[in-house]
Amino acid sequence: MVPPLLSTSQLAISRLYPLAYLFAPLNAAFRLRNMPWELDEERSYHHSYFGGFPPLQVTLLDAVAALCTLLDWNSVCVSLLDATDQLLVSLPHPAAALLQEAIGKCLAELQPLTVPGHSPRLQQALEDRFTETAYDRCYGAHRDVVFNEGEKALSLVDTAINEAGIPQECEEEQDRGDAGVACGHDSGIDDSEEEYEPKQRAIKPSDLPRLHGLRHALSGLLSAMRSGEDYLTIYDRGISVLIRVEDKALVPVLRGIDWSLRLIVVRKVCALPWTVHTFMHVARNWTSVEPQATFPKSVTWIHPPPSYPPPPPLSLPTTEDLVTALQAVSPEMSRDDCVAVVKEGFECLEACRRWKDSTAGDIHAEAVLIHHIVSNKIAVYPYLATSPIAFSWSCYACARLLSVVNAERQLRLALRGCSDEMILPSSLPPFDEDIEAALLAQLRDDVRALAMGHLQAVKYKRPVRAPISFERFKDSDGSSQNSQD
Ligand SMILES: [Zn+2]
């Protein structure tokens, strides 16, 4: 029996959200327009591609989010209160006491580094103390990841070197030094536009010294960890890996070996040294921040509003209900097409859940922070950071919520980027009527656009849901055309 058509006015967010959940859990978000993305996956680490480093505040917020992730593994969203020395950190759950203690301690130890003019000896002592504190809090939880991912990376590099079949040349010695790690605008790296750099390419004989250098650095890090060296040594070895993996000349080669190799080394193997290094870099350069602001001293921890208990996992309505709702938003689609698209959505959602082994059933840290900022009318630095080392960038739902909030409240807040791996949360926090109405209108447009995309996939057998690569995300320009030809 064909149910009666639903008029647009009868649609509510609760009817539309399941459709968005079905159509956009994996990768469709990058095709939607006006998403509030500040940074994409590569930008903050590979400055030349977009010409210039992000501001110091952005780098700091990324580092705070990274540190939280290293300590807790929960997703967080971090912001800086305007004109104060306070950070806002939101979590989907109450923050563990250990996390709060560790962040407090790290911020306290960074304070003296923000004061210029120390003797080199005192400067080194302060940096060592901070490094040891950060490693003391994070290393235990982080160690296994470094071993697992480090061994995998090492074996990929080894195999690639062997398969390249080029005789080994002597290894080029690269000096270790802070200037080698690209994370800020004081490191003396030329900001001018680089010559054309291929995104990925095969190994050439001239790459071998660099590849051997990376190989050497990786095995040095793993052996230092295995033999239980002290934290400063392990940090030093980690930085040595980071310098090599961030070597721009090596980036396309590493992508040629395995597209994710470089990012996995940066984000997982080097997560802790990257975080520590970045913090110290930001602290040392904080006096150059415009307008002059105090380096953050404390954190306000934000949790979901008490009136908003964690929702149960989203239970999707029946196919019939979904088809009815879809017909209401996409009257141009035939009923058969709606059925086919919903069916396609279910199949892909299942594949996505199997792949990621995750379900929704929660609220995201970004939504919690956005809710807090909007409902308390708080002025913040316009970048909301999520952890750059956890592959936990923002989902479509949180980003769309933010774009609606920006439009309704004349804000310019931005998130890190779009994840092709983040399953949508079960729901979003409740907002004022105007925001809810704008969100409903936006969801309606998005669901229609996403459904049309899926219809193309069904008709032309295009794999819409194949995970997007970073490359494809970067290449997206808001065009709704499916780029998988
Ligand atoms: Zn989200």
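Quick caveat, the model's predicted, so the values are computed rather than measured. (Residues numbered from 1 in each chain as written. Predicted model: local features only at pLDDT ≥ 70, side-chain atom pairs only at ≥ 80, totals over all residues.)

Q: Quick one: what's the story with the overall build of the protein chain, residue by residue and with numbers?
A: The secondary structure content of the protein chain amounts to 15 helices and 5 strands. Evaluated residue by residue, the protein chain yields a buried proportion of 45% over its 485 residues. For the protein chain, long-range pairs separated by at least 24 residues make up 82% of all intrachain contacts whose partners lie at least 6 apart in sequence. (Helix = DSSP H or I, 4+ residues; strand = E, 2+ residues; numbered from the N terminus. Buried ≥ 20, exposed ≤ 12 C-beta atoms within 10 Å, placed from the backbone. Contact = placed C-beta atoms within 7 Å.)

Q: A description of the pairing of strand β4 (residues 383-386) should follow, citing residues and the corresponding values.
A: Here β4 shows no split at all, with Tyr383 and Ala385 on one side and Leu384 and Thr386 on the other all buried. Both strand β1 (residues 77-80) and β4 contribute to a ladder of 2 bridges, which runs antiparallel. Residue pairing for β4: Val78 is matched across the bridge by Ala385. (Pairing = 2+ DSSP bridges.)

Q: Hey, could you go over the sheet that holds strand β3 (residues 298-302) for me, with residue numbers and the actual values?
A: With respect to topology, 5 strands assemble into an open sheet ordered β3-β2-β1-β4-β5, the strand pairing being mixed. In the strand order of this sheet, the two ends are held by β3 and β5 (414-415), each with one partner. Contacting β1, β2 (86-90), β3, β4 and β5, helix α12 (residues 365-375) runs over the sheet at an angle of about 130 degrees to β2. (Axes fitted to C-alpha atoms, helices over the stretch in contact; angles between N-to-C directions.)

Q: How would you sum up helix α6 (residues 231-245)? Please name residues and give values.
A: Here α6 spans 21 Å end to end across 15 residues, near enough to the 21 Å set by a 1.5 Å rise per residue. Across the 15 residues of α6, 11 count as buried, placing the element largely inside the fold. Listing the buried residues of α6 in full gives Ile234, Tyr235, Arg237, Gly238, Ile239, Ser240, Val241, Leu242, Ile243, Arg244 and Val245. Structurally, α6 contributes buried residues whose contacts are with α4 (120-164), α5 (208-226), α8 (261-269) and α9 (271-285). (Expected span 1.5 Å × (residues − 1).)

Q: I'd like a description of the packing of α4 against α5, backed by residues and values.
A: Contact pair α4 / α5: the axes reach a minimum separation of 10 Å and the direction vectors enclose 150 degrees. The angle between α4 and α5 places the two elements in the roughly antiparallel class. The interaxial crossing formed by α4 with α5 has left-handed handedness. Along its contact with α4, which presents Arg143, Val146, Phe147, Gly150, Glu151, Ala153, Leu154, Val157, Asp158 and Ile161, the element α5 presents Leu211, Leu214, Arg215, Leu218, Ser219, Leu221, Leu222 and Met225. Taken together, the residues that form the contact of α4 with α5 break down as 12 nonpolar, 2 polar and 4 charged. (Parallel < 35°, antiparallel > 145°, perpendicular 65-115°, else oblique. Left-handed = near helix turned anticlockwise from the far one by under 90°. Nonpolar A, V, L, I, M, F, W, Y, C, P; charged D, E, K, R; others polar.)

Q: Hey, could you go over the nonpolar core for me, with residue numbers and the actual values?
A: Within the largest apolar cluster, 127 residues are counted, with the highest numbers of intra-cluster contacts made by Ala20, Val64, Val78, Leu326 and Leu401. Considering every element that reaches this core, the biggest residue donor is helix α2 (residues 56-72), with 12 residues. Split by domain, this core shows at least three residues from each of two domains, domain 1 (8-38 + 313-475) and domain 2 (120-288). The residues touching Leu401, leaving out its near neighbours within four places in the chain, are Ala367, Ile370, Leu428 and Leu439. (Core = buried A, V, L, I, M, F, W, Y, C linked by C-beta atoms within 7 Å. Domains from an automatic or database assignment.)

Q: Break down the pairing of β1 for me, citing the residues and quoting the values.
A: Because side chains alternate across β1, one face comprises the buried residues Cys77 and Ser79, and the other comprises Val78 and Leu80, equally buried. Bridge count between β1 and β2: 4 bridges; the pairing is antiparallel. Counted as the bridge partner of Val78 is Val89 from β2.

Q: Which residues make up α8, and what values do they have?
A: Structural remark: α-helix, 3.6 residues per turn; residues separated by three or four positions point the same way. Taking burial as the measure, the 9 residues of α8 include 9 buried ones, the bulk of the element. Listed in full, the buried residues belonging to α8 are Leu261, Arg262, Leu263, Ile264, Val265, Val266, Arg267, Lys268 and Val269. Contact partners of the buried residues in α8: α4, α6, α7 (251-257) and α9.

Q: Provide a residue-level description of the environment of Ala451, including the pertinent values.
A: In this structure, Ala451 sits in helix α14 (residues 433-460). Given 24 C-beta atoms within 10 Å, Ala451 falls into the buried group. Separated by 432 residues in sequence, Ala451 and Leu19 place their C-alpha atoms 8.8 Å apart. Excluding its chain neighbours within four sequence positions, the residues that come into contact with Ala451 are Phe23, Leu326, Ser330, Met333 and Val341.

Q: Explain the environment of Glu246 to me, using residue names and the numbers behind them.
A: The topology assignment puts Glu246 in the loop between α6 and α7. Taking the C-beta count within 10 Å as the criterion, Glu246 has 21 such neighbours and is therefore assigned buried. Sequence separation of Glu246 and Val266 is 20 residues, and the distance between their C-alpha atoms is 7.9 Å.

Q: I'd like a description of unusual backbone geometry, backed by residues and values.
A: Phi is mostly negative for residues that are not glycine, and the peptide bonds are mostly trans. Of note in this structure, Lys377 is not a glycine but carries a positive phi near 50 degrees. Summarising the element assignment, Lys377 is placed in the loop between α12 and β4. Look at Gln410: it is not a glycine, yet its phi comes out positive at around 50 degrees. For Gln410, the location among the structural elements is in the loop between α13 (396-409) and β5. On the basis of neighbour count, Gln410 is assigned to the exposed category, with 6 C-beta atoms found within 10 Å.

Q: Requested: an account of the packing of helix α3 (residues 97-110) against α4, with residues and values cited.
A: The interhelical angle for the contact between α3 and α4, taken along N-to-C directions, is 170 degrees, at an axis separation of 9 Å. In terms of their interaxial angle, α3 and α4 are classed as roughly antiparallel. Contacts between α3 and α4 involve Ala102, Lys105, Cys106, Glu109 and Leu110 on the former and, on the latter, Arg129, Phe130, Thr133, Ala134 and Arg137. Here the contact of α3 with α4 is composed, by residue class, of 5 nonpolar, 1 polar and 4 charged.

Q: Run through the environment of Lys343, naming residues and quoting values.
A: As for its placement among the helices and strands, Lys343 is situated in helix α11 (residues 335-356). Considered as a pair, Lys343 and Val458 are 115 residues apart in the sequence and their alpha carbons are 9.7 Å apart.

Q: I'd like to hear about the confidence of the model for the protein chain, residue by residue, with values.
A: A residue-level look at the protein chain finds 75% of positions with pLDDT of 70 or above and a mean pLDDT of 80. Note on residues 182-195: pLDDT under 50 across the span, and 22 contacts to partners over four residues away in sequence or across chains. (pLDDT = per-residue confidence, 0-100.)

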